[in-house]
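Here are the chains, one letter per residue:
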Amino acid sequence: MPRLRFVHAADLHLDSPFVGVQAVAPDNVSSALRDATFSAYENIIDLCIHEQVDALLVAGDVYDSADRSLRAQLKFVEGLKRLDEAGIRSFVCHGNHDPLDGWEARLDYPTGSTRFREEAQAVPIFEDDPHRAVVHGISYSKRDVYDNLAQRLGSGDPEAFSIGLVHANAVSDTSHVNYAPCSLDDLERSGMDYWALGHVHARQVLSKRSPIVVYPGNPQGRHPNEPGARGVYLVEVDDDGDVNVEFRSMDCVRWERAAVDISRLDGEQGLIDGVHQRIDEALNGANGVSVVLRISLVGIGSLHGSLQQPDLLEHVTEVVNDEWAKRAQFAWCGRIVDETAAPFNRDDRIDGSDFMAEVLRTADRAKEDTDLLARLQDGLSDLYQHRLYRQYLSDHVPYGDELSTMIDEAEAILVNRLGEDEDA
């Protein structure tokens, strides 16, 4: 029998609105999106009960905003009560989206649930064996917290398996606001055995040795910048203190980006068939989960000219959605983006002396020059956090491969526009 088994979750964002897609999607898709965060949470509760774990740890951002909905609070407490009835403890800290000063309904939480406050606290998982495992946790008192909360948790108990539960930005992840910043060195010197972190929505294991440092990511993607499988980590600790972490997907709707290369497609029928094929591939790879896609048409070919016809892509989108959106495991294509180009030799053009050549060279420099990439990201960060525009954008500022893809998309747009001017 293992010494300890628990599920590490974070960033539930219950009742996240999925702005944009719900307004245009059919009823079944809209309904699935509206309930997606709740369904993912129910999957987490089911996993805990099925695996007979000792505890569920939630590392902040249970709700999507400080003005958390009553529906979200009721659903969350109902899940904790199910765990309590199964003899499973729950430990919850609050983050920047659900700080302690946000509105809170007066609801009865189960006795087996611990919600950490703004002062650090250490709570045993097993009341009858307090030195077997201890959770050290702390919550945000308000949204904007820039103190190193991890350091405020103190040192781990050397006699117990010690877990640090905190919503924090470790290693200065530039894709998220730098709330409760800490370094990996801070965590390694803490005396904790496991750090259950939240805030970064992309799952990652920052350290595989003691202490284990893990971001599970959010259990339900909410927009195209949160693609792929989303879930939690099932953690098992043996009698020797060795830790095994296993990712388990919990999402019920998955965001994906797909590309269709037009270079080998024959006419509009070939385009429609190619889009159908990519959607089929996406669904087959989703392990029974419905998919919302953004499809990019890429490549160079004669079909590029046909794509300039007014409303053509909107009509193609309607055709494929009529086929796939009505299924139980649905696929919904929210958008088809034209990133194609007319027959064009990039290698020949980049050596030229015209404006097109300068655009191509600048795009290459932007992807290779770390200083230029940093300046681009700073500019995007200002845009994404601007009070007028942030409601239309995700809270995830593109970086790394995502930023390189954005540069490629910008190049394709400019090349297409410049090519149109040359043909005029």
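Residues numbered from 1 in each chain as written. Predicted model: local features only at pLDDT ≥ 70, side-chain atom pairs only at ≥ 80, totals over all residues. Heavy atoms only, no water.

## Points about the overall build of the protein
Next, step 1: In terms of regular secondary structure, the protein is built from 13 helices and 17 strands.
Next, step 2: Against the globule reference of 22 Å for 424 residues, the protein gives a C-alpha radius of gyration of 24 Å, in line with a compact fold.
Next, step 3: Principal-axis analysis of the C-alpha atoms places the extent of the protein at approximately 80 × 45 × 40 Å.
Next, step 4: Sorting the 424 residues of the protein into buried and exposed places 50% on the buried side.
Next, step 5: Summarising the internal contacts of the protein: among those between residues at least 6 apart in sequence, 70% fall at separations of at least 24.
Next, step 6: Carbon and sulfur atoms form 46% of the exposed surface of the protein, whose accessible area is close to 19900 Å². (Helix = DSSP H or I, 4+ residues; strand = E, 2+ residues; numbered from the N terminus. Rg over C-alpha atoms; globule rule 2.2 N^0.38 Å. Buried < 20%, exposed > 50% of the residue type's maximum accessible area, 1.4 Å probe, protein only. Contact = heavy atoms within 4.5 Å. Areas by Shrake-Rupley, 256 points an atom, 1.4 Å probe, with all protein chains shown as cover.)

## Concerning the sheet that holds strand β5 (residues 121-124)
Next, step 1: Ordered by their spatial adjacency, 6 strands build an open sheet running β5-β6-β7-β10-β12-β11, and the pairing between neighbours is mixed. Either end of the sheet is taken by a strand with one partner, and the two such strands are β5 and β11 (204-207). For this sheet, the mean angle separating the axes of adjacent strands, direction not counted, is 20 degrees.
Next, step 2: Note: strand β6 (residues 133-137) against strand β7 (residues 161-167), 5 bridges, orientation parallel. (Pairing = 2+ DSSP bridges. Axes fitted to C-alpha atoms, helices over the stretch in contact; angles between N-to-C directions.)

## Focus on helix α9 (residues 312-324)
In an α-helix there are 3.6 residues to a turn, and that puts residues three or four apart on one side.
Next, step 1: The terminal C-alpha atoms of α9, which comprises 13 residues, lie 19 Å apart, in line with the 18 Å expected from a rise of 1.5 Å per residue.
Next, step 2: By the burial criterion, the buried members of α9 are L312, L313, V316, T317, V320, N321 and W324. Angular distribution of buried residues about the axis of α9 spans 160 degrees; they occupy a single face of the element.
Next, step 3: Packed against the buried residues of α9 are α7 (267-284), β16 (290-298), α8 (303-306) and β17 (331-338). (Expected span 1.5 Å × (residues − 1). Arc of directions from axis to C-beta.)

## Focus on the sheet that holds β17
Next, step 1: Here we have 3 strands laid out as an open sheet, ordered β15-β16-β17, and parallel in their pairing. Whereas interior strands pair on both sides, the edge strands pair on one side only; in this sheet they are β15 (253-261) and β17. The sheet shows a mean angle of 20 degrees between the axes of neighbouring strands, direction not considered.
Next, step 2: Summarising the sheet, β16 and β17 pair through 7 bridges and their orientation is parallel. Counted as the bridge partner of R294 is R335 from β17.
Next, step 3: Relative to the sheet, α7 contacts β15, β16 and β17, its axis offset from that of β16 by approximately 140 degrees.

## Quick notes on the packing of aromatic side chains
The geometry of an aromatic ring pair is captured by two quantities: the separation of the ring centres and the angle between the planes.
Next, step 1: For the coordinates displayed, the defined rule picks out 6 aromatic pairs.
Next, step 2: With centroids separated by 5.9 Å and ring planes inclined at 80 degrees, the aromatic side chains of Y63 and F76 adopt a geometry described as edge-to-face. Residue Y63 is found in the loop between β2 (55-59) and α4 (70-85), and its partner F76 is found in helix α4; the two are separated by 13 residues along the sequence.
Next, step 3: Arranged with centres 5.5 Å apart and planes meeting at 40 degrees, the rings of Y146 and Y179 form a pair that is tilted. With Y146 in the loop between β6 and α5 (149-152) and Y179 in the loop between β8 (169-170) and β9 (181-182), this pair connects stretches of sequence that are 33 residues apart.
Next, step 4: Here Y146 falls in the exposed class, since its relative accessible area comes to 51%.
Next, step 5: In this structure Y179 comes out as buried when scored by relative accessible area, which is 7%.
Next, step 6: Connected via pairs of aromatic rings, a cluster forms that spans Y41, Y63 and F76.
Next, step 7: The ring of F247 carries R203 above its face, with NZ or CZ at 3.7 Å from the centroid. (Phe/Tyr/Trp six-rings, centres within 6.5 Å; stacked < 30°, edge-to-face > 60°. Lys NZ or Arg CZ within 6 Å of the ring centre and 35° of its normal.)

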